[in-house]
Amino acid sequence: MNVATSLPLLLAGLLTLAVAMAWLRLALWRRRAPHDRRGSPIRFALLCLLQPVVALLLYFTLLPPRQTTTTGTLVVMTAQADRVALPASLDGQPHVALPEAPAGLDADRVPDLGTALRRHPEVRALHIVGAGLEARDRDAVDERALAFSSAPLPHGIVQLSSIAPVATGAGFTASGRVHGVPQATVVLRDPAGQRIDATTVDAQGGFHLDGLSRLPGPAQFRIEVLDAKRAVIDTATAPVWTQPAPAPRVWALAGAPNAEWKYLRRWAADAGIPLHLQISLGGGLQLGDAPLPMTADTLRRFDLVLLDARSAAALGDGQRAALVAAVRDGLGVLVRADGVLAPGVQRMLGLALTGGDDAEFKLPRPAPDDDAWRARRGAGTADAPVDTDAVPAGLPTLTRRALRTTSADAIPLLRAADGTVVAWWRAEGRGRIGAWTPTDTYTLALTGHADTHAVLWSQALGTLARAGTELSLAAPDDARVPQRVALCGLADGAQVSAPDGTVTRLLRDPATGAAGCGGFWPRMAGWHQLTIGEATAPFNVRAADDAPQLRAMAVREQTRQLASRSPSSVAASSTTEGARGPAWPWFLGWLFAAGLLWWLERRRTAAG
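Predicted, not measured: the structure shown is a model, and the values here were computed from it.

Focus on the overall build of the chain
- In terms of regular secondary structure, the chain is built from 15 helices and 32 strands.
- In terms of overall size, the chain is more extended than a compact globule, its C-alpha atoms giving a radius of gyration of 40 Å where 608 residues would be expected to give roughly 25 Å.
- Its C-alpha atoms put the chain at 150 × 60 × 50 Å along the principal axes.
- For the chain, with 608 residues in total, the buried portion stands at 43%.
- Considering only contacts in the chain between residues 6 or more positions apart, those separated by 24 or more positions represent 66%.
- When the accessible area of the chain is evaluated, it comes to approximately 31600 Å², of which 56% is carbon and sulfur surface.
- Of the charged side chains in the chain, 61 are positive and 55 negative, and the gap between their average positions amounts to 13 Å.

Thoughts on the nonpolar core
- One finds L306, L363, L413, W436 and W457 to be the most contacted residues of the largest nonpolar core, which totals 35 residues.
- If you list the elements that add at least two residues to this core, you get β15 (250–254), α5 (259–271), β16 (275–282), β18 (304–308), α10 (370–377), β22 (411–415), β23 (421–428) and α13 (450–464).
- Top contributing element to this core by residue count: α13, with five residues.
- Look past the residues within four positions of L306 in its chain and what remains in contact with it is V250, W251, A252, L253, W261, L264, L334, R336 and W457.

Details of the sheet that holds strand β11 (residues 195–200)
- Strand order in the open sheet formed by five strands is β8-β14-β13-β10-β11, and the pairing between neighbours is mixed. Each end of this open sheet is capped by a strand with a single partner; those strands are β8 (166–167) and β11.

Things to note about the side chain of N540
- In this fold, N540 is placed in strand β31 (residues 535–542).
- Aside from chain neighbours lying at most four places away, what touches N540 is Q220, P239, A479, G526 and W527.

Structural notes on the confidence of the model for the chain
- Per-residue confidence for the chain gives a mean pLDDT of 86; residues scoring 70 or more make up 93%.
- Low pLDDT, under 50, characterises residues 569–576; the stretch is placed with 20 contacts to residues that sit more than four places away or in other chains.

Considering the pairing of strand β5 (residues 125–130)
- Among the six residues in β5, six count as buried, and that is most of the element.
- Pairing of strand β2 (residues 73–77) with β5, which is carried by five bridges, proceeds in the parallel orientation. Residue pairing for β5: L74 is matched across the bridge by L126.
- As judged from the six bridges shared by β5 and strand β6 (residues 145–150), these two strands associate in the parallel manner. Bridging from a neighbouring strand, L126 pairs with L146 of β6.

Points about the side chain of E134
- By secondary structure assignment, the location of E134 is in the loop between β5 and α4 (135–138).
- E134 gets classed as buried once you look at its relative accessible area, which sits at 11%.
- A distance of 2.7 Å separates a polar atom in the side chain of E134 from a polar atom in the side chain of R551.
- Once residues lying within four places of it in the same chain are set aside, the contact partners of E134 are E100, Q483, R551 and V555.

Here's the deal with the environment of D142
- As for its placement among the helices and strands, D142 is situated in the loop between α4 and β6.
- For the pair formed by D142 and S566, sequence separation is 424 residues and the distance between their alpha carbons is 8.6 Å.

Observations regarding the packing of aromatic side chains
- Evaluation of the coordinates by the stated rule reveals eight aromatic pairs.
- An angle of 25° between the planes, with centres 5.4 Å apart, marks the rings of W251 and F302 as stacked. You can see W251 sitting in strand β15 and its partner F302 sitting in the loop between α6 (296–299) and β18, a full 51 residues away along the chain.
- Owing to a relative accessible area of 7%, F302 belongs among the buried residues under this scheme.

Considerations on the sheet that holds strand β7 (residues 156–160)
- The sheet built from three strands is open, its strands ordered β7-β9-β12 with antiparallel pairing. Bordering the open sheet on either side are β7 and β12 (206–212), each of which pairs with just one other strand. Taking each pair of neighbouring strands and ignoring which way they run, the sheet shows an average axis angle of 40°.
- Bridge count for strand β9 (residues 171–179) against β12 is seven bridges, and the pairing is antiparallel. Bridging across to β12, G171 finds its partner in L212.

Description of unusual backbone geometry
- Of note, the amide linkage connecting V481 to P482 takes the cis form, showing an omega dihedral of -10°.
- Residue placement: P482 occurs in the loop between β25 (479–480) and β26 (485–487).
- Residue D142 is not a glycine yet carries a positive backbone phi of 55°.
- Residue R230 is not a glycine yet carries a positive backbone phi of 70°.

Regarding helix α8 (residues 317–328)
- Between its first and last C-alpha, α8 extends 17 Å over twelve residues, near the 16 Å set by a 1.5 Å rise per residue.
- For α8, the complete set of buried residues consists of R320, A322, L323, V324, A326 and V327.

Considerations on the pattern of salt bridges
- Tallied over the entire structure, the rule returns 22 salt bridges.
- Here R401 makes a salt bridge to D358, at a shortest N to O gap of 3.6 Å. Of this pair, R401 sits in strand β21 (residues 398–405) while D358 sits in strand β20 (residues 353–361); the two residues are 43 residues apart in sequence, bridging distant segments of the chain.
- Residue R401 is classed as buried on the basis of its relative accessible area of 14%.
- For D358, a relative accessible area of 56% corresponds to the exposed category.

Observations regarding the environment of A254
- Position of A254 among the secondary structure elements: in strand β15.
- Classification of A254 as buried rests on a relative accessible area of 4%.
- Considering only alpha carbons, one finds A254 and Q286, 32 residues apart in sequence, at a separation of 9.5 Å.
- Beyond its immediate chain neighbours, meaning those up to four positions away, A254 contacts W261, L277, Q278, I279, S280, D308 and S311.

Details of a nonpolar patch on the surface
- A cluster of nonpolar side chains, I42, L46, L49 and V53, forms an exposed patch at the surface whose accessible area comes to about 370 Å².
- Counting through the fold element by element, V53 comes out in helix α2 (residues 41–62).

Some words on the state of the cysteines
- For the structure shown, the criterion picks out one disulfide.
- The disulfide that involves C488 links it to C517, with 1.9 Å between the sulfurs. Torsion about the S-S bond of the C488 and C517 cystine: about 100°, corresponding to right-handed handedness. One end of the pair, C488, is in the loop between β26 and β27 (495–497); the other, C517, is in the loop between β28 (503–505) and β29 (518–520), and 29 residues separate them in sequence.

Things to note about empty space enclosed by the protein
- Following the criterion strictly, the structure yields three cavities of 30 Å³ or more and no others.
- The volume enclosed by the largest cavity comes to roughly 80 Å³.
- With four residues, α5 is the largest single contributor of residues to the lining of the largest cavity.
- Residue classes in the lining of the largest cavity are distributed as ten nonpolar, no polar and no charged.

Reading the values: rules and limits
- Residues numbered from 1 in each chain as written.
- Predicted model: local features only at pLDDT ≥ 70, side-chain atom pairs only at ≥ 80, totals over all residues.
- Heavy atoms only, no water.
- Helix = DSSP H or I, 4+ residues; strand = E, 2+ residues; numbered from the N terminus.
- Rg over C-alpha atoms; globule rule 2.2 N^0.38 Å.
- Buried < 20%, exposed > 50% of the residue type's maximum accessible area, 1.4 Å probe, protein only.
- Contact = heavy atoms within 4.5 Å.
- Areas by Shrake-Rupley, 256 points an atom, 1.4 Å probe, with all protein chains shown as cover.
- Lys, Arg positive; Asp, Glu negative; His and termini not counted.
- Charge placed at Lys NZ, Arg CZ, Asp CG, Glu CD.
- Core = buried A, V, L, I, M, F, W, Y, C linked by side-chain atoms within 4.5 Å.
- Pairing = 2+ DSSP bridges.
- pLDDT = per-residue confidence, 0-100.
- Polar contact = N/O pair within 3.5 Å; in protein donor to acceptor, adjacent residues only side chain to side chain.
- Phe/Tyr/Trp six-rings, centres within 6.5 Å; stacked < 30°, edge-to-face > 60°.
- Axes fitted to C-alpha atoms, helices over the stretch in contact; angles between N-to-C directions.
- Expected span 1.5 Å × (residues − 1).
- Salt bridge = Lys/Arg side-chain N within 4 Å of Asp/Glu carboxyl O.
- Patch = residues over 30% accessible without salt bridge, like charges linked within 9 Å, V, L, I, M, F, W, Y side chains within 5 Å.
- Disulfide = S-S within 2.5 Å.
- 1 Å grid on protein atoms, 1.4 Å probe; cavity = no way out; pocket = protein on both sides within 12 Å on 5 of 7 lines; lining within 4 Å.
- Points joined across faces, edges and corners; volume = space filled by probe spheres on them.
- Nonpolar A, V, L, I, M, F, W, Y, C, P; charged D, E, K, R; others polar.

So this is what it looks like as structure tokens:
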């Protein structure tokens, strides 16, 4: 029992004891007093009757009764509240308007929800009307029941996935959802404003756009939503952070020299990939780099081993066992199925490949039209000019081994333009092992599509190569000026660096416990760096006016989630005990009763 509940009982007990002692005093005095000094029985009765009256009035002076109040729902008007029709059950309930609410509403203006709740302490339920609660007001809801009458969904980009940091020269995908734009077309533009991809939205408004990152560092791509008349309805920036990734160390074993190996080696040299290539000529003769023994120590020096059908078949059982053991330890292996795969190679792959005839296929176009394709290819350099005639001609037809797999754990590594899978990989321990059926990708380089050839092999090697051990941090997805950003997993010394060089030290909130979260309020837009120890993570902060429809949808969804987690809504109105009433009327009554008691105590009847 706390002080608030025990104080009324304690005070009542003390006053009851005081009344009993007063009655006892009066009775003893009347018994011992001479007969002519006792006074009339009526006076004695009035003295005894006034004792509990004075005590009761003193009790209510110190603890006035609580007022019986009717508590209802506090109607909270937010942005776009004028676009929502309120239910009739909310008539007569108090209305407040937050700063972002439109002008002209019949509601009391308050700076935040916390202030509104302090003005209406009896409220136990909230009804949010409009776009939703900002981060400033969500914590003030506490354990109160919450209902939400939302404004209509905004028209434009309402969802946009964040793009993880990409390696130099690698592709990325920007996906999201558009609402309220019939027959919408979504366009992706690079930092120079050139269109590099475009697509129409699906039945649910979803879209996927493919981009290409060329130079390391931050870049701001732009997404535009066009209606059926090609008018721009909405735009949003798509921030991309490109970081140079360490080149994988590749050990290539070729069963015979051919053009595919020649152009692979040329691409590796241009991309800065250390490639150790051994080409067998038969009869114990080899070209290329010095031969290495296939041992555990040798395999630990590489991130990926590249084989063809002949070199894979030439491996002994001990070499295959060492290779599989290295894969389980994290090594990547890719076998070019340019010939018949021996049973031992099939077991090593674990992909259950069937078939074997040659078939033609085409790769999907990198862009929806020629202009976007030229923008993706870039202008080239003096040493490596871009073939301007290659785009109208399109990609050449390639050849592959028509293999199929029935393995349940096979994951597509490459698809043809018609959706046919032409390469697979699967996980083996900590590493990955894959099968590659195209046999003449060098044709891409010969026909002026060296960039497509580079992207093709870069993605293949990047998928299978040994994963690095770099530390990674979780960065926020949609930070915005000046909204609070929650950063978790913080340690001592955690800090954020702003684009202008300002460094902000982060403090962990003890209430978050093991999650170790802290708040950060960005003051400027642009790329920030979160640093914890030796690990860093870049994250972008949007300007306050960037992608307003995206922000409106985020506020709406966060308020809806808050409403779904709140306790069940209470009745529209209920009778309950509110704050204590005023004490002065009870004090005046006590003063009058005490004065009357004092006068009767001292009144004496004349002798005789």
